[in-house]
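Per-entry structural report
Here is what each chain is made of, one letter per residue.
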Amino acid sequence: MLWLLGASCTPIAEINHDDVADSGQVVSAATDGTRQGSASLEAQPGAIASISGPLSEVGQSCQDNAARACSTEEPSNPVTCVSATWQRREACAATERCDFAPGPQQGMCVPKAAECAGHADGEEFCDGDERRICLNGRAQTRACGSMRHCRDATCVCMPGTPDLGDGKGCQVPRDCSVANGGCDPMTVCSSGGGQRVCSACPPGYVVGSGAKGCMPELSGLEVSAGTLVPAFTPSHRSYRVALPLLQQQLTITASAPSSTKLELNGSTASSPWTSPVLPLGEHVLKVRVASDFGVSTTYELTVERTGIQEAYLKATSPGRNNQLGTSIAVSRDTLVVGSAYDDSASGGVNADPSDSSAPESGAAYVFVRRGSTWSQEAYLKADSPVSNQFFGAGVAISQDTVAVGAVGNIPPQTNLPHRGSVHIYVRTAGEWTKQQTLTPSNTGNQDMFGFSLALQGDTLAVGAPYESTVSPWGGAVFVYKREGGKWNDSNPAVLRGNVSQDSELGWAVALDKQTVIAGAISYSRYTSVINTPGAAYVFTQQDTGWKVQQRLQAKVPVDGSTFGWSVAVKDDLAAVAGPHFTESGSDNPSGEVNVFRREGDMWMVSDVLQAPTPRRADGFGSAVAFANGALLIGAVGDASSARGTHPDPSRTDAPYSGAFYSFGLQPDGWVRTAYLKASNAERADTFAEHLAADGDTVVIASPLEDSGGAENDNSLSDSGAVYVFR
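Analysis parameters
- Residues numbered from 1 in each chain as written.
- Predicted model: local features only at pLDDT ≥ 70, side-chain atom pairs only at ≥ 80, totals over all residues.
- Heavy atoms only, no water.
- Helix = DSSP H or I, 4+ residues; strand = E, 2+ residues; numbered from the N terminus.
- Buried < 20%, exposed > 50% of the residue type's maximum accessible area, 1.4 Å probe, protein only.
- Areas by Shrake-Rupley, 256 points an atom, 1.4 Å probe, with all protein chains shown as cover.
- Pairing = 2+ DSSP bridges.
- Disulfide = S-S within 2.5 Å.
- pLDDT = per-residue confidence, 0-100.
- Contact = heavy atoms within 4.5 Å.
- Salt bridge = Lys/Arg side-chain N within 4 Å of Asp/Glu carboxyl O.
- Polar contact = N/O pair within 3.5 Å; in protein donor to acceptor, adjacent residues only side chain to side chain.

1. Details of the overall build of the protein
Regarding its fold elements, the protein presents zero helices and 54 strands. Going through the 726 residues of the protein one by one, you find that 56% of them count as buried. Only carbon and sulfur atoms are counted for the fraction: they give 48% of the accessible area of the protein, which is about 27900 Å².

Take a look at the structure:
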């Protein structure tokens with residue numbers, strides 16, 4: 001190894017035309033209801049909707065000891081997960097409610113909405129002719145139905161339509177002059193020959209079952225990601241949509257007749273609605289379209305955010321200690337994986353992988369996806385492999401170009417044990433060929449040039465953490481440009497900043513457009529309190545060349561945090577990890593990730609992320625990446641032996657089995673949206689030591705995984721594996 005939603009409040013009285021009687025009589029829907037046990041999406045007019053989180057029973061078990069929620073028994077009471085049990089906190093004031101929506105305020109007392117001011121939770125009241133109920137601080141409609149209106153918080157029959165009693169509803173008048181003759185208010189009542197006739201419903205409405213009332217229907221229902229199953233038709237009421245792992249938000253667009261009102265899980269809303277980030281799992285959304293006269297149709301949409309494992313990849317000829325996954329990178333449907341301890345002595349593209357006469361010479365594998373199936377496209381070796389070359393220690397890819405770092409010997413010179421080199425390959429019509437080898441002339445014997453790589457288009461950044469030209473082991477980053485098919489190997493830009501001795505700048509490197517960020521895990525402040533907290537340097541390309549923009553340090557620098565171990569940058573966001581970070585006064589090096597935001601030319605810490613329950617040696621931050629609006633974080637030391645997409649994080653029986661986290665950005669900060677384990681998680685597999693992502697694809701390396709091919713055979717220790725999720 002190379003160093004390293006529970007219960008919520010949903011509409012209680014849905015007035016569908018399954019609730020109307022025969023013979024033209026329109027009766028009110030039942031007023032009884034129960035609290036439903038599904039996650040929900042709520043919205044206010046013109047606002048961003050939010051997904052409701054868990055309402056929790058006091059005294060029942062829970063998993064995440066950092067969690068806050070609201071009590072099912074008494075929704076105005078916040079509860080906290082303490083020692084794996086929900087425990088009650090102080091109740092909210094009369095003017096407050098417990099916020100059940102995920103986010104920083106979940107499980108906290110917040111002011112009630114103005115529409116519920118003066119009304120107790122569960123209290124019904126009249127809003128003109130419409131009946132409303134206050135549920136968890138929000139007013140929701142409980143429509144009265146045709147021939148009824150709200151008076152004194154109760155639905156009563158309109159004048160001229162007396163109540164028939166015994167639940168039979170209101171008397172249907174035979175005269176069009178009274179309550180429109182019992183016809184739906186959207187139709188025209190006409191009478192003649194002692195009979196009254198109701199006209200047809202207007203466009204966008206259909207006649208409800210058993211009555212001549214007009215029931216509104218959606219004319220369209222669209223989602224921003226995934227596919228509605230089945231395809232939308234106005235008469236079908238129930239749908240499902242599956243979202244991939246990195247699709248953390250969903251926008252729903254509903255089209256309805258202009259004279260109707262739209263509600264989303266009981267709250268008035270406008271279309272389109274955009275959800276906040278969604279945790280893994282199912283979320284039930286109820287879209288209700290209602291006429292001005294209380295007749296409605298409800299469509300149910302079950303949204304499932306999945307974390308499907310698409311592939312489990314092994315080397316062609318897996319070998320003991322080959323460590324497939326010492327580095328990984330992905331671009332669209334192409335994946336490159338380093339195997340720095342591969343032993344084959346055969347050189348070039350698609351060499352013989354079975355020759356094991358050059359121990360730890362290293363290799364890189366290229367896999368491609370067609371449809372949802374991954375297959376090996378190329379097996380890359382140095383032209384003349386030698387032992388301890390460590391080809392594949394670093395890899396990078398951008399479309400049809402792959403870069404592979406080899407931090408060991410450079411044949412035929414075997415007296416430069418860790419000088420390093422970078423090998424460039426290009427693909428044409430599915431065939432990979434060697435383009436160039438980069439070995440800058442000013443590197444020393446132990447520079448480890450190629451330890452980290454970042455490639456974007458025709459720009460390549462190469463980390464050399466032990467480069468010593470200016471300061472012993474201070475490190476450097478070399479930036480190359482390609483023009484006319486050739487890389488400027490004679491005059492790359494060399495980025496050093498003002499690093500001190502032993503800073504190891506270039507341990508990690510990331511590139512986005514004209515910004516390079518590089519980790520310096522042993523950067524020293526040499527104070528009496530903190531010696532080597534680590535740092536990261538941001539460089540930007542300007543008209544006069546690459547310049548240092550800023551040195552980044554943790555919000556709370558701690559000696560030995562290895563801050564800068566992994567780095568990521570996307571637009572004006574940067575993530576810098578210190579996987580050995582230890583809280584002050586603790587001996588628990590669990591790790592953390594600092595997220596920075598750039599405003600103008602200044603970077604500031606915006607968030608600090610840790611594992612929900614930090615534990616010793618979690619390695620939280622072993623790898624970081626941005627993709628599709630998500631922040632992805634590896635925790636190589638995670639000790640839970642649970643497996644798959646909904647594992648139990650509280651277990652501690654498999655140290656260094658590793659885990660993967662994803663976070664989504666809300667207006668008020670980052671929210672955890674996924675916790676994944678390998679499908680064959682076991683002790684010391686180091687799942688998520690490295691990760692990469694592009695589009696909706698996440699690739700996770702487990703370089704010390706032990707299988708010989710099948711996931712659970714454990715016949716080849718440390719052979720390594722790679723997992724692909726969507």
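Picking up after the structure, the text goes on.
2. A closer look at the sheet that holds strand β21 (residues 261-264)
The sheet built from five strands is open, its strands ordered β19-β25-β24-β21-β22 with mixed pairing. With one partner strand each, in any of the chains shown, β19 (238-243) and β22 (267-268) form the two edges of the open sheet. Judged from the two bridges that link them, β21 and β22 form a sheet pairing that is antiparallel. Paired with glutamate 263 across the bridge in β22 is threonine 268.

3. Observations concerning the state of the cysteines
According to the stated counting rule, one finds seven disulfides in the structure shown. Each sulfur in the disulfide pair cysteine 157 and cysteine 170 lies 2.0 Å from the other. Because the torsion about its S-S bond is -90°, the bridge between cysteine 157 and cysteine 170 counts as left-handed. Note that cysteine 157 is positioned in strand β13 (residues 154-157) and cysteine 170 in the loop between β13 and β14 (189-192), a separation of 13 residues in sequence. There is a disulfide in this structure between cysteine 201 and cysteine 214, and the S-S distance comes to 2.1 Å. Since a negative S-S torsion denotes a left-handed disulfide, the cysteine 201-cysteine 214 link at about -90° is left-handed. In this pair, cysteine 201 is assigned in the loop between β15 (195-198) and β16 (205-207) and cysteine 214 in strand β17 (residues 214-216), connecting sequence segments 13 residues apart.

4. Regarding the confidence of the model for the protein
Low pLDDT means the predicted atomic positions in that stretch should not be read closely. Summing up the model confidence of the protein, the mean pLDDT is 84 and the portion of residues at 70 or higher is 87%. Segment residues 1-53: pLDDT under 50, and 191 contacts once partners within four positions in sequence are set aside and those in other chains are kept.

5. Thoughts on the sheet that holds strand β20 (residues 251-255)
In space, the three strands of this open sheet follow the order β18-β20-β23, with antiparallel pairing throughout. A strand with exactly one partner marks an edge of an open sheet, and here the two such strands are β18 (220-223) and β23 (273-274). Pairing geometry for β20 and β23, over two bridges, is antiparallel. In the strand pairing of β23, threonine 251 is matched with threonine 274.

6. Focus: the pattern of salt bridges
For the structure on display, the rule yields 23 salt bridges. For arginine 370, the salt bridge identified is with glutamate 377, shortest N-O distance 3.9 Å. A relative accessible area of 54% means that arginine 370 is categorised as exposed. With its nearest N and O atoms 3.2 Å apart, the salt bridge here joins aspartate 696 to arginine 726. Separated by 30 residues along the polypeptide, aspartate 696 in the loop between β52 (690-694) and β53 (697-702) and arginine 726 in the segment after β54 (721-725) bring together distant segments of the chain. Overall, aspartate 696 belongs to the partly exposed group, its relative accessible area being 26%. One network of salt bridges, in which partners are shared, links Glu310, Asp333, Arg369, Asp696 and Arg726.

7. Things to note about unusual backbone geometry
Backbone geometry follows two general trends: most residues other than glycine have a negative phi, and most peptide bonds adopt the trans configuration. In this chain, valine 229 is followed by proline 230 through a cis amide linkage whose omega measures -5°. Inspection of the secondary structure puts proline 230 in the loop between β18 and β19. For the peptide bond that leads from serine 271 to proline 272, omega is 0°, which places it in the cis range. Here the phi dihedral of glutamate 360 falls at roughly 60°; this positive angle occurs in a residue that is not glycine. Relative to the assigned elements, glutamate 360 resides in the loop between β28 (334-339) and β29 (363-370). According to the relative accessible area criterion, glutamate 360 is partly exposed, its value standing at 23%.

8. What about the side chain of arginine 288?
Structurally, arginine 288 is set in strand β24 (residues 281-290). For arginine 288, the side chain forms a polar contact with the side chain of serine 296, separated by 3.2 Å.

9. What about the side chain of serine 702?
Along the chain, serine 702 falls in strand β53. Judged by relative accessible area, serine 702 falls into the buried class, the value being 1%.

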